[in-house]
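Single-letter residue listing:
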Amino acid sequence: MQIDHVELFVPDRAAACRWYGEWLGFAAMPQHAEWAKTGPLMITNDGGSTMLALFEGEPQRNQDVRGWRRVAWRVGGEAFWAWTAKYRQSGQSLDGPIDHEKAWSVYFSDPWGNALEVTTYDYALVTAAQEVET
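From a predicted model like this one, the values you see are computed outputs, not experimental measurements.

Help me out: how do you make sense of the sheet that holds strand β2 (residues 27-28) in this one?
In a beta sheet, neighbouring strands are held together by backbone hydrogen bonds and run either parallel or antiparallel to one another. What the four strands build is an open sheet, ordered β1-β4-β3-β2; its pairing is mixed. Both outer strands of the open sheet, β1 (5-10) and β2, are each paired with one neighbouring strand and no more. Pairing of β2 with strand β3 (residues 41-44), which is carried by two bridges, proceeds in the antiparallel orientation. Looking at β3, one finds that A27 is bridged to T44. Its contacts with the sheet place helix α1 (residues 13-24) against β1, β2, β3 and β4 (51-56), and it is angled at close to 150° to β4.

What am I meant to see in the environment of H5 here?
For H5, the position within the fold is in strand β1. With relative accessibility at 32%, the residue H5 sits in the partly exposed group. Each residue touching H5, except ones within four places of it in the same chain, is listed here: M42, M51 and A53.

What is the right way to look at the packing of aromatic side chains in this model?
For any pair of aromatic rings, the description rests on two quantities: the centre-to-centre distance and the angle between the ring planes. Summed over all chains, the structure comprises 11 aromatic pairs. Taken together, a centroid distance of 5.7 Å and an interplanar angle of 80° make the contact between F26 and W73 edge-to-face. You can see F26 sitting in the loop between α1 and β2 and its partner W73 sitting in strand β5 (residues 71-74), a full 47 residues away along the chain. Comparing F26 with W73 shows no difference in burial state: the two are buried. Summarising the aromatic geometry, the rings of Y87 and F108 are spaced 5.0 Å apart at their centres and angled 55° between planes, so their arrangement reads as tilted.

Would you explain the side chain of T119 in this entry?
Mapping T119 onto the fold places it in strand β8 (residues 115-120). T119 sits in the buried class, given a relative accessible area of 8%. Excluding its chain neighbours within four sequence positions, the residues that come into contact with T119 are W73, R74, V75, F80, A103, W104 and S105.

Would you mind showing me how to read the nonpolar core here?
For soluble globular proteins, nonpolar side chains are generally found buried alongside one another. Counting 28 residues, the largest nonpolar core has Y20, L24, W83 and F108 as the members making the most contacts within it. Of all the secondary structure elements, the ones that give two or more residues to this core are β1, α1, β3, β4, β5, α2 (77-89), β7 (104-109) and β8. At six residues, α1 tops the list of elements feeding residues into this core. Leave out the neighbours within four places in its chain, and F108 touches W19, L24, W83, Y87, S93, L94, N114, A115, L116, E117 and V118.

Honestly, α2 in this entry has me stumped. Any pointers?
Because an α-helix completes one turn every 3.6 residues, residues spaced three or four positions apart along the sequence face the same direction. For α2, spanning 13 residues, the distance from its first C-alpha to its last is 19 Å, which sits close to the expected 18 Å at 1.5 Å a residue. Of all the positions in α2, only G77, F80, W83, T84 and Y87 are classed as buried. The buried residues of α2 occupy an angular sector of 125° when the element is viewed end-on, so they sit on one face. Exposed and facing more than 90 degrees away from the buried side of α2 are E78 and Q89. Backbone geometry just after α2 places G91 at a positive phi near 90°.

Each value, and the rule that gives it
Residues numbered from 1 in each chain as written. Predicted model: local features only at pLDDT ≥ 70, side-chain atom pairs only at ≥ 80, totals over all residues. Heavy atoms only, no water. Pairing = 2+ DSSP bridges. Helix = DSSP H or I, 4+ residues; strand = E, 2+ residues; numbered from the N terminus. Contact = heavy atoms within 4.5 Å. Axes fitted to C-alpha atoms, helices over the stretch in contact; angles between N-to-C directions. Buried < 20%, exposed > 50% of the residue type's maximum accessible area, 1.4 Å probe, protein only. Phe/Tyr/Trp six-rings, centres within 6.5 Å; stacked < 30°, edge-to-face > 60°. Core = buried A, V, L, I, M, F, W, Y, C linked by side-chain atoms within 4.5 Å. Expected span 1.5 Å × (residues − 1). Arc of directions from axis to C-beta.

Right, here's the structure in full:
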């Protein structure tokens, strides 16, 4: 039917929940709070259709890639541009926007080194905005 969740390892689940909340709109899911006692802290930004399962542990960081390499979120063109500007203003590292000829993406990592991406298929809107900015 759909992807249910992606598991991420972080050294501090509460800190990760705050970071994912601030930058990607995630919040802890009260209906899964009991799992956090011995398992993952489940967070979502869309009412539970897609979730991240935060486990305490050593994140992948710059180790050789194993398992999933990156998690990407799709947004509309205006949200892409607004989010990119806000993230840059925070002083955090951001690679892009990268032109994929029918989509635009920016690449970044959470504070624990997990690879992330925000992408949009509103290609014409972002292309026009990119041309105005340069």
